[in-house]
2 protein chains.
Amino acid sequence: MKAQESGGAPRAATRPAQLGSVQIGGGAPVVVQSMTCTPTEDAAATLAQVRALAAAGCDIVRVTLPNAAAVPSFARVCAKSPVPVVADIHFDYRLAIAAAESGAAKLRINPGNIGSWDKVDAVIDAAGEHGCAIRIGVNAGSLDPAVDAREGLTLPEKLVASSVEFVRHFENRGFSNIVLSAKAHDVVTTIETYRALSRELPQVPLHLGVTEAGTREQGTIKNAVALGVLLSEGIGDTLRVSLTADPVEEVPVAWGILQALGLRRRGPEIISCPTCGRTQVDLIPIAEEVERRLRGVDKPISVAVMGCVVNGPGEARGADIGVACGRGSALLFKKGEVVRKISEDAIVEELMREIEAL
Amino acid sequence: MKAQESGGAPRAATRPAQLGSVQIGGGAPVVVQSMTCTPTEDAAATLAQVRALAAAGCDIVRVTLPNAAAVPSFARVCAKSPVPVVADIHFDYRLAIAAAESGAAKLRINPGNIGSWDKVDAVIDAAGEHGCAIRIGVNAGSLDPAVDAREGLTLPEKLVASSVEFVRHFENRGFSNIVLSAKAHDVVTTIETYRALSRELPQVPLHLGVTEAGTREQGTIKNAVALGVLLSEGIGDTLRVSLTADPVEEVPVAWGILQALGLRRRGPEIISCPTCGRTQVDLIPIAEEVERRLRGVDKPISVAVMGCVVNGPGEARGADIGVACGRGSALLFKKGEVVRKISEDAIVEELMREIEAL
């Protein structure tokens, strides 16, 4: 796979981590992921959500393994999932080992809450034996108490110190199939932490995320700012957008961020204006209807839906297909040329017909 | 006003532009703005929208002046607006002069579509006489044809070339009360263009925006990525988030971007987790209800609404106030201390009561 550029900065040259057929880092496209919120004990519900996440565009999906009773169900999910499954483990190293034995492609642990280095080593050895990657997941909300207690360190410095200690331990044990995250809910902390991680541990693929980012509206903004800034600097090999919402809703946000920076492309882009006192058609419902109808379309095309004659013809001409509206009608553009004039009530239908014919 | 820092980078030291009581650039806080979409001829409807935008957090509001018939109504809007009004002018320099005479605090023109330098100069002189600022608004959708035709230039280079030419003209005429924008619908083009503008014209306050960014969901992401990257580099003195939606909805997105980067603060921040297979309360409606009820609250507090025992207590302890949920109940935290245990159905009420008491 080719290395990518992102708004200028070359992507950081990290080591690849391998999760079955999916590679994180080492120049691979930025991997999109999310996490199920169903009870893992319910294999059918969890598998249905894994499939919905994969269909929405997740390259890998994380599933929590909260207790031993959920292991058989977790194993069924791994066996039937269309994408590699990541086990989310907290506190109990035996669950991490069980996940490795059950077909997880990656184990997500926070070594700081596993209890001892011996237990962490047991997880590393199980991962090595079963060909799993490990994500070292440091989190501001559950920092290693020994690091948290160090005086004179800022939160980003604590997150980095904890991360460096863990990565060194894994590498010293000869295990390098790792991905690293160090999440905080604060955007500035997130940006500063990941910049420092990329500097201090340039070899390690980084999993980007803002934890506890909040509800859909506020969370989308926080994720887009933090991940956008980092990705624009070439930092980040996989990302998970966290929203307090159905996890399937996280996936288009992740793709939107990657698409905005030209890092990956999935489906159409709509260029539509904010409307103003010059607009003489009812543009908002037209643009929303076009967006809704394009949801099932995979073609990486640009579609302009413009309200007036100031910027409309220019933008519509630049898109693969577009309309520039006037009073009660619109000019239809295709590949830079005016095709014909259409009436306001036929805009959506005619546009969709032309898109299908492309 | 004090210069601000934004996630590390110091803000670019631009010259101040003055719009009545509001200053853009020169170290002032980043100014939030939007634009009405009512017919300007309808002064009552336009004023109502100006007031709604100001109440939502706009420091200034732009209103289009599309024709001479709208001038009296525009003047009434200027006279009664609670915030400085910016006139949006296209094509006809006489409308720009009429706007200056009618009480506009700033004129937004694209010198490339005004027709001649003589006409631009007439606008500059009217602005000087009436104490208006001018925004030079270059737009990829309506580039000066002479610049657009130049061979071998990328779109960002064309936008910058056009901008530099206009700014030089204004400054040579002794007029420096200017703000500059050069908008494109593409995020990477936007980032590259504004970085170059900040380098080439470091003295000029910059108005950030992604034009034709699309509908609410996609537009929020594109704006947050582009404006987030630029603001994190210290670039940008005022911003307008463009969405194909009610303009009042643009304002919280603008504030969300500024708040994420610690540049300005308005109202509460909610820290809520994405839920997962560990969550044992119905968290999404709880977080959404808390967000809805906090909409009217102006206190700059942080409120944590967390679903489980892994990161919940840490995050709830770090916030001004918060809950960490368990099975059917939650621990209430205030300023880092556990206050009491509350039952699931009382979480929202108890949290709101404590917030009001803060």
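Right above here is the structure, for reference.
Small disclaimer: the values here were computed from a predicted structure and weren't measured.

**Looking at the overall build of chain A**
Counting its regular elements, chain A contains 12 helices and 17 strands. Dimensions of chain A along its principal axes, counting C-alpha atoms only, are 75 × 45 × 35 Å. Counting all 358 residues of chain A, 64% fall into the buried class. Excluding contacts between residues fewer than 6 apart, the proportion of contacts in chain A whose partners are at least 24 apart in sequence is 64%. Looking at chain A as shown, the accessible area adds up to about 12,500 Å², and 50% of this sits on carbon and sulfur atoms.

**A short note on the pairing of strand S14 (residues 302–306) of chain B**
Residues and elements named next belong to chain B. The buried fraction of S14 amounts to five of the five residues, a majority that puts the element mostly inside the structure. Here S14 shows two buried faces, one formed by Ser302, Ala304 and Met306 and the other by Val303 and Val305. In this structure, strand S13 (residues 269–272) lies alongside S14, joined through four bridges in parallel fashion. Within the sheet, the bridge partner assigned to serine 272 lies in S14 and is valine 305. The handedness of the S13 to S14 crossover, carried by helix H10 (residues 283–294), is left-handed. Examined bridge by bridge, S14 and strand S15 (residues 321–325) share four bridges and lie parallel to one another. Bridge pairing in S15 places valine 303 opposite isoleucine 321.

**What about the interface of chain B and chain A?**
How big an interface is tends to be stated in terms of the accessible area lost upon association of its parts. Facing the 70 residues of chain B at the interface are 70 residues of chain A. Note on chain B versus chain A: buried area summed over both sides is about 5,700 Å², and carbon and sulfur give 57% of it. Among the residues of chain B in contact with chain A, Glu212, Thr244 and Pro274 of chain B are the three that bury the most area, contributing 11% of the side total. For the pair chain B and chain A, the interface holds four salt bridges.

**Topic: the sheet that holds strand S7 (residues 85–88) of chain B**
All names here are of chain B. What the eight strands build is an open sheet, ordered S10-S9-S8-S7-S6-S5-S12-S11; its pairing is parallel. Here the strands that pair on one side only, and so sit at the sheet edges, are strand S10 (178–183) and strand S11 (207–208). Sheet contacts for helix H2 (residues 71–80): strand S6 (60–64) and S7; angle to S7, the most-contacted strand, approximately 155°. Helix H6 (residues 155–172) rests against strand S8 (106–109), strand S9 (133–139) and S10 of the sheet, and its axis sits at about 155° to S9.

**Points about the packing of helix H8 (residues 216–232) of chain A against helix H8 (residues 216–232) of chain B**
Running from amino to carboxyl end, H8 of chain A crosses H8 of chain B at an angle of 45°, the nearest separation of the two axes being 8 Å. Classed by the angle they form, the pair H8 of chain A and H8 of chain B counts as oblique. Of the two possible hands of crossing, H8 of chain A and H8 of chain B adopt the one that is right-handed. On H8 of chain B, the residues that touch Arg216, Glu217, Thr220, Ile221, Ala224, Val225, Gly228, Val229 and Ser232 of chain A of H8 of chain A are Arg216, Glu217, Thr220, Ile221, Ala224, Val225, Gly228, Val229 and Ser232 of chain B. Looking at the contact of H8 of chain A with H8 of chain B residue by residue, the class counts come to eight nonpolar, six polar and four charged.

**Looking at the relation of the copies chain B and chain A**
The two copies are related by a screw operation: chain B maps onto chain A through 180° of rotation and 0.0 Å of translation along the axis, at an RMSD of 0.0 Å. Taken together, the turn and the small shift mark the pair as related by a two-fold rotation axis.

**Thoughts on the nonpolar core**
Grouped together as the largest cluster of nonpolar side chains are 168 residues, with contacts concentrated most on Leu107, Ile134 and Leu231 of chain A together with Leu107, Ile134 and Leu231 of chain B. When sequence neighbours within four positions are dropped, the list of residues in contact with leucine 107 of chain B reads Ala87, Ala96, Ala99, Ala100, Val123, Ala127, Cys132, Ala133, Ile134 and Arg135 of chain B.

**A look at the sheet that holds strand S6 (residues 60–64) of chain A**
For sheets, the rule is that strands pair by backbone hydrogen bonds, running either parallel or antiparallel. All names here are of chain A. The parallel open sheet is built from eight strands, whose spatial order is S10-S9-S8-S7-S6-S5-S12-S11. Of all the strands in the sheet, just strand S10 (178–183) and strand S11 (207–208) have a single pairing partner and so form its edges. The pairing of strand S7 (residues 85–88) with strand S8 (residues 106–109) spans three bridges and is parallel. Residue aspartate 88 lies in a different strand from S8, and its bridge partner there is arginine 108. On the sheet, helix H7 (residues 187–200) packs against S10 and S11 and is oriented at approximately 150° with respect to S10.

Rules and cut-offs
- Here the residue numbering is sequential within each chain, running from 1 through the sequence in written order.
- Naming scheme: in the order in which they are written, chains are lettered from A and ligands are numbered from 1.
- Only residues with pLDDT of at least 70 get local features here, since the model is predicted, and only at 80 or more are side-chain atom pairs given and counted; chain-wide, interface and lining totals rely on the full set of residues.
- Side-chain measures here rest on the full set of heavy atoms in the structure, leaving out hydrogens and waters.
- Each helix is a run of DSSP H or I of at least 4 residues and each strand a run of E of at least 2, with the numbering of both proceeding from the N terminus.
- Partly exposed residues are those whose accessible area sits between 20% and 50% of the maximum for their type, while under 20% is buried and over 50% is exposed, using a 1.4 Å probe and protein chains only.
- Throughout, a contact is declared for two residues whenever any of their heavy atoms are within 4.5 Å.
- Each accessible area value is a Shrake-Rupley result obtained with a 1.4 Å probe; residue values ignore everything except the protein chains displayed when judging cover.
- The criterion for strand pairing is that DSSP finds at least two bridges linking the strands in question.
- A clockwise path from the first strand over the helix to the second, with the strands pointing away from the viewer, defines a right-handed crossover.
- Buried area: the sum, over both parts, of the accessible surface (1.4 Å probe) that disappears when the two are put together.
- In what follows, salt bridge is the name for a side-chain nitrogen of Lys or Arg lying within 4 Å of a carboxyl oxygen of Asp or Glu.
- Between N-to-C directions, angles span 0 to 180 degrees; the directions come from axes that are lines fitted to C-alpha atoms, helices contributing only their stretch in contact.
- Here the angle decides the label: under 35 degrees means roughly parallel, over 145 means roughly antiparallel, 65 to 115 means roughly perpendicular, and every other value means oblique.
- By the definition used in this description, the sense in which the near helix is turned from the far one sets the handedness, with an anticlockwise turn below a right angle giving left-handed and a clockwise turn giving right-handed.
- Nonpolar residues are Ala, Val, Leu, Ile, Met, Phe, Trp, Tyr, Cys and Pro. Charged residues are Asp, Glu, Lys and Arg, and all others, Gly as well, are polar.
- In superposing the copies, a least-squares fit is computed on C-alpha atoms, taking residues whose pLDDT is at least 70 in both.
- Joining through side-chain atoms within 4.5 Å is the link that ties buried Ala, Val, Leu, Ile, Met, Phe, Trp, Tyr and Cys residues into a set, and such a set is a nonpolar core.

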